[in-house]
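# Observations on the model geometry
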Amino acid sequence: MVARKPRSRGPSFKSLSTMAKFVIAGRADCPYYAKTELLADYLQENLPDFRVHKITQHPEVWEDWLKDVCEKNKWSHKNSPIIWRELLDRGGKGLLLGGYNEFLEHAQLYYNVTSSMTTELMKVIAQENLGTHMEKEQEEEALKTCVNSLQVWITSASAPACYNLIPILTSGEVFGMQTEISITLFDNKQAEEHLKSLVMETQDLVSPVLRSISICTKVEEAFRQAQVIVVLDDTTDKEVFTLEDCLRHRVPLSRLYGYLIEKNADESVRVIVGGKTFVNLKTVLLMRYAPRIAHNIIAVALGVEGEAKAVLARKLKTTPSYIKDVIIWGNISGNNYVDLRKTKVYRYESAIWGPLHYSRPLLDLIFDSEWVKREFVATLKNLTATGRQFGGILAAHSIATTLKYWYHGSPPGEIVSLGILSEGQFGIPEGIVFSMPVKFENGTWVVLTDLKDIEISEQIMTRMTSDLIQEKLVALGDKIHFQPCQSETEQHKKDKRISLHISDDSQEAQVSDEYPIGHSGSHLQFQQLGRMRTEDCLRPGFQDQPGQHRKTLPPQK
């Protein structure tokens, strides 16, 4: 491609090479730029004092860039490439040489070197140059977003919760106004158009803390440099007929996410699992398949807290935010125990008043103990079973608040419920994700094992842990069938066919006298989340209804 001709009369090789410092700039897809580039490379390799600096520009910006350079240096040049010689190494006043023909003549005259590259080969190399240049631009852009900005990834970004989560994240309330964030929305290819609309709408917010927002639909690129990963409820077209199938369906995606997080994410990444279906199970599976960062994976329980506080506030005719320290034990989206023994009410209007920090025990204000044992329990069971009030707004707010606590600490003195891997605290079996009382401080959480008078009866603990253990075993294929754990009281009432009918379109819920504080003893039914056609499948904790687990649901329209 490059040939040396017999030396013609001209300046000596050495005297010219000492001052030969050239800048070659061109359009990335220009074949003449490609030929000039290779000739310059040959000269640089063979002449010890020949130096070249190359500037490659994308075709879309080439003309504007060339115009600016020519105006700045008072040159006249219109085509690619443009070559000039600098008196200093990429500095000082430049001397325009010209384009491809001028550089070729210069090489022939002064260095006795020419190029024999064919036109077809020039075009091939030009296209390769363009592809390489675009890849380099993408890498540089990715590096720019990584510098001094927090990398936040949201999975299943087409879910309603994501739409409600983005404005909170970009408000500066979660990570602080001094922390810029870069958000990546991750979902399947079918959701791409929806994600593009979401990106444009987010950009319209003109948030001062949002460095960038982008989408990702390529699995192999998921979670690159991620520092925060929000895992939302996944959607699927797969038809699920039984509870066991639904549990096993969680494994492939959790395994994939775990592998990608281990491979691509930042080593200090924080993973937060939210939603309203199998939250504990998804969290423990992620821990299994991403063991390196298992200590930084948590499950959000504040949504269930919020539901309980709202029910209590309606009963007391007060504001839900005035109610503090509701503890959620167990399975966040299933068999859990709502503990009111530490719950306090602030700014309550009654005969006894005090300063803003004055509080009263909630159970001292609710004189109707039957309401706590029955109606409160039944209401929470209904909310857990149907998931009707656990929509995108509540899910987003719960995730954002938990992230805020994780980064900046929870309010001093407050109890926060959080799903974490059990290490045997409170007599909970090790190896399951269990919601328990914690506080956030110094970028982590501390389990409040020093709380007094919060012992849980063996019967209630067995009921909660049995379901969680079975979920994990069934999902991993170590157990074939899921068998809900029932107390003797429930079995007795079942035999007597005593039940409380919550609503015409909800399932039958059993109410037990053994839970004097408040217990949500149901599991969440399989929700119609996105395209999942599983609403006729039933979570344990309810009686099977005729036809359940038997028929295929029609597609959503």
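Because the structure is predicted, anything quoted here is derived from the model rather than measured. (Residues numbered from 1 in each chain as written. Predicted model: local features only at pLDDT ≥ 70, side-chain atom pairs only at ≥ 80, totals over all residues. Heavy atoms only, no water.)

### Points about the overall build of the chain
Per the secondary structure count, the chain includes 16 helices and 21 strands. Looking at the chain as a whole, 51% of its 557 residues are labelled buried. Expressed as a percentage of contacts within the chain between residues at least 6 apart in sequence, the contacts between residues at least 24 apart total 71%. On the chain, roughly 27200 Å² of surface is accessible, and the fraction owed to carbon and sulfur atoms is 51%. (Helix = DSSP H or I, 4+ residues; strand = E, 2+ residues; numbered from the N terminus. Buried < 20%, exposed > 50% of the residue type's maximum accessible area, 1.4 Å probe, protein only. Contact = heavy atoms within 4.5 Å. Areas by Shrake-Rupley, 256 points an atom, 1.4 Å probe, with all protein chains shown as cover.)

### Points about the sheet that holds strand 13 (residues 323–324)
Sheet strands pair via backbone hydrogen bonds, and the direction of the pair is either parallel or antiparallel. The three strands lie next to each other as 13-16-17, forming an open sheet whose pairing is antiparallel. Here the strands that pair on one side only, and so sit at the sheet edges, are strand 13 and strand 17 (359–361). Examined bridge by bridge, strand 16 (residues 344–346) and strand 17 share three bridges and lie antiparallel to one another. By the bridge assignment for strand 17, Lys344 is matched with Pro361. (Pairing = 2+ DSSP bridges.)

### Some points on a nonpolar patch on the surface
Residues Val219, Leu256 and Tyr259 make up a contiguous nonpolar surface patch of about 250 Å² in total accessible area. Topologically, Val219 is positioned in the loop between strand 9 (210–216) and strand 10 (228–231). (Patch = residues over 30% accessible without salt bridge, like charges linked within 9 Å, V, L, I, M, F, W, Y side chains within 5 Å. Salt bridge = Lys/Arg side-chain N within 4 Å of Asp/Glu carboxyl O.)

### A word on the packing of helix 10 (residues 279–289) against helix 15 (residues 458–475)
For the pair helix 10 and helix 15, the least separation of the axes is 10 Å and the interaxial angle reads 55°. Here helix 10 is positioned oblique relative to helix 15, judged by the angle of their axes. Viewed along their axes, helix 10 and helix 15 form a crossing whose handedness is right-handed. Packed against helix 10, whose contacting residues are Asn280, Leu281 and Val284, the element helix 15 presents Leu468, Glu471, Lys472 and Ala475 at the interface. A class-by-class count of the residues in the contact of helix 10 with helix 15 yields four nonpolar, one polar and two charged. (Axes fitted to C-alpha atoms, helices over the stretch in contact; angles between N-to-C directions. Parallel < 35°, antiparallel > 145°, perpendicular 65-115°, else oblique. Left-handed = near helix turned anticlockwise from the far one by under 90°. Nonpolar A, V, L, I, M, F, W, Y, C, P; charged D, E, K, R; others polar.)

### What about the pattern of salt bridges?
Taken as a whole and judged by the stated rule, the model has 16 salt bridges. The salt bridge involving Lys54 is made with Asp41; its shortest N-O contact spans 2.9 Å. Here Lys54 is found in strand 3 (residues 51–57), whereas its partner Asp41 is found in helix 2 (residues 31–46), with 13 residues between them in sequence. Residue Glu414 is joined to Lys324 by a salt bridge in which the shortest nitrogen-to-oxygen separation is 3.5 Å. Placement of Glu414 in the loop between helix 14 (392–408) and strand 18 (416–421) and of Lys324 in strand 13 is noted, with a sequence separation of 90 residues between them. Its relative accessible area of 22% is what places Lys324 among the partly exposed residues. Here the residues in one salt-bridge network are Glu37, Asp41 and Lys54, joined through shared partners.

### So, the environment of Asp325
Here Asp325 shows up in the loop between strand 13 and strand 14 (327–330). Here Asp325 falls in the buried class, since its relative accessible area comes to 3%. C-alpha separation for the pair Asp325 and Lys309, spaced 16 residues apart in sequence, amounts to 9.5 Å. Each residue touching Asp325, except ones within four places of it in the same chain, is listed here: Asp339, Lys342, Thr343, Lys344, Gly413, Glu414 and Ile415. Of the polar contacts made by the side chain of Asp325, one reaches the backbone nitrogen of Ile415; its length is 2.8 Å. (Polar contact = N/O pair within 3.5 Å; in protein donor to acceptor, adjacent residues only side chain to side chain.)

### Notes on the nonpolar core
Counting 59 residues, the largest nonpolar core has Phe223, Ile229, Ile261, Val271, Leu312 and Phe376 as the members making the most contacts within it. Per-element tally for this core: the top contributor is helix 10, with seven residues. Other than its neighbours up to four places away in sequence, Val271 contacts Ile229, Val231, Ile261, Leu286, Ile293, Asn296, Ile297, Ile298 and Trp406. Core analysis: the next-biggest nonpolar cluster, separate from the first, contains 57 residues, Trp329, Tyr337, Leu403 and Ile456 among them. (Core = buried A, V, L, I, M, F, W, Y, C linked by side-chain atoms within 4.5 Å.)

### What about the pairing of strand 3?
In this structure, strand 2 (residues 21–27) lies alongside strand 3, joined through seven bridges in parallel fashion. Paired with Gly26 across the two strands is Thr56, which belongs to strand 3. What joins strand 2 to strand 3 is helix 2, and the crossover it makes is right-handed. (Right-handed = clockwise from strand over helix to strand, strands pointing away.)

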